[in-house]
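Tertiary structure, described
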Amino acid sequence: MTRPLVTGAGGMLGRDLVTVLHTRSDLKVTAAGRADLDVTDPAAVREAVAEHDIVINTAAWTNVDGAETNEAAATAVNGTGVANLASACAANGARLIHISTDYVFSGDAQTPYPEDAPTAPVNAYGRGKLVGEQAVTRLLPDNGYVVRTAWLYGAHGPNFVATMLRLAGQREYIDVVDDQHGQPTSSYRLAEQLVALADAALEGRAAPGVYHSTCAGQTTWYGLARAVFTLAGLDPDRIRPTTSDRYPLPAPRPAYSVLGHSRWAAAGLPPLPEWHATLVDAFGSPAPPAPWKVP
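Under an unreviewed UniProt entry, the name given to the protein chain is dTDP-4-dehydrorhamnose reductase, and the source organism is Micromonospora luteifusca. Its UniProt record, at the heading Pathway (unreviewed entry), says of the protein chain: "Carbohydrate biosynthesis; dTDP-L-rhamnose biosynthesis." As recorded by UniProt, the Sequence similarities (unreviewed entry) comment attached to the protein chain reads in full: "Belongs to the dTDP-4-dehydrorhamnose reductase family."

Before going further, it helps to examine unusual backbone geometry. Of note, the phi angle at Glu 51 is positive, near 70°, even though the residue is not glycine. By the secondary structure assignment, Glu 51 is in the loop between helix H2 (42-49) and strand S3 (54-57). On the accessibility criterion, Glu 51 (62% relative accessible area) is exposed. Of note in this structure, Trp 151 is not a glycine but carries a positive phi near 50°. Mapped onto the elements of the fold, Trp 151 is located in the loop between strand S5 (144-149) and strand S6 (152-153). You can call Trp 151 buried: its relative accessible area is 10%.

With that out of the way, let us pick up the nonpolar core. Membership of the largest hydrophobic core comes to 29 residues, with the highest contact counts inside it found for Leu 17, Ile 97, Val 147, Leu 194, Leu 197 and Tyr 211. Listed by contribution, the elements that provide at least two residues to this core are helix H1 (12-21), S3, strand S4 (95-101), S5 and helix H7 (187-202). Per-element tally for this core: the top contributor is H7, with 9 residues. Those residues within four positions of Ile 97 in sequence are excluded, and the remaining contacts are Ile 54, Val 55, Ile 56, Asn 57, Tyr 145, Val 147, Leu 194, Leu 197 and Ala 198. Judged by nonpolar contacts, the second largest core, of 28 residues, contains Phe 160, Met 164, Ile 239 and Phe 283.

What follows deals with the UniProt feature "domain: RmlD-like substrate binding" (unreviewed entry) in the protein chain. Following the UniProt record, one finds the feature "domain: RmlD-like substrate binding" (unreviewed entry) at residues 5-282. Taken end to end, residues 5-282 is 38% helix and 15% strand, and its two terminal C-alpha atoms sit 26 Å from one another.

Turning our eyes to something else, we now look at the environment of His 212. Checked against the element boundaries, His 212 lands in strand S10 (residues 209-212). Through-space distance from the C-alpha of His 212 to that of Ile 99 is 9.8 Å; in sequence the pair is 113 residues apart. Discounting residues that sit within four places of it in the chain, His 212 has contacts with Phe 105, Tyr 113, Pro 114, Glu 115, Arg 148, Leu 259, Gly 260, His 261 and Trp 264. Here the side chain of His 212 touches Tyr 113 through a polar contact of 3.2 Å, landing on its backbone oxygen.

With that out of the way, let us pick up the environment of Val 280. Inspection of the secondary structure puts Val 280 in helix H9 (residues 275-284). Here Val 280 falls in the partly exposed class, since its relative accessible area comes to 34%. Separated by 53 residues in the primary sequence, Val 280 and Ala 227 have C-alpha atoms spaced 8.9 Å apart.

Tallying each qualifying case throughout the model produces 11 salt bridges. In this structure, Arg 240 engages Asp 175 in a salt bridge whose closest nitrogen and oxygen atoms are separated by 2.7 Å. Of the two residues, Arg 240 is situated in strand S12 (residues 239-242) and Asp 175 in strand S7 (residues 174-177); the sequence distance between them amounts to 65 residues. Asp 175 gets classed as partly exposed once you look at its relative accessible area, which sits at 30%.

Cut-offs applied
- Residues numbered from 1 in each chain as written.
- Predicted model: local features only at pLDDT ≥ 70, side-chain atom pairs only at ≥ 80, totals over all residues.
- Heavy atoms only, no water.
- UniProt positions renumbered as here; feature names shortened; annotations may be inferred.
- Helix = DSSP H or I, 4+ residues; strand = E, 2+ residues; numbered from the N terminus.
- Buried < 20%, exposed > 50% of the residue type's maximum accessible area, 1.4 Å probe, protein only.
- Core = buried A, V, L, I, M, F, W, Y, C linked by side-chain atoms within 4.5 Å.
- Contact = heavy atoms within 4.5 Å.
- Polar contact = N/O pair within 3.5 Å; in protein donor to acceptor, adjacent residues only side chain to side chain.
- Salt bridge = Lys/Arg side-chain N within 4 Å of Asp/Glu carboxyl O.

Below is the structure:
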């Protein structure tokens, strides 16, 4: 890897990814935020991809409920925009690592979803992201990588951990759903793994296809909220369990978003560590993705 292009570089994951890449003196990194590159513009994408050996795409429409009422616009970014990147990479001989989501699954499983599990999204956001995945595998069968992740938190941008800490200063008690299961994942740790995957891909050690990158183990949003309060020195009993039907949203959420990580071993790379230990590290480290401001 000599000239990586990061799209969506102004987002939470994009910023962490650029930070990790900049620790490498051997790389000439191009960081393209939304104002720098509109992935729905094919000509702009072709120009941006030129002379790069790998593209890591973190650009995305991330407003899940907004996608439900504006599916065409969301899919233009999460689907058509990804196809534009894949097409440009195919023409340029570059590899593409595209970030996708657990929302391509229905969420009715009881054991972790393997990478080859059948997809069945239950909302517009998931459908659009699946269009993007399919574009990568169709246009870049030998040079395309889809990395699904979920429940991201980090130092940059809105996320559940930051929201819980903000609400701690505003409310005595916070009701959090206890019937959605997933894997809280540090955006900084994910960024480190994406860089390792990029190296492995260019060295021929990582086969193309789908990878799952979430922290190990599982919990619920309620369990995560209690862990956040405990690590912040706040009373976790201020978090009260509730159910999803008490908070109806425009877009249905998968009830079970736990992903399996079996493909990393074949690439000679370790999966991400256990979610709670990673969260502890995030709160205790002076480097990204912590600390957050604790009320």
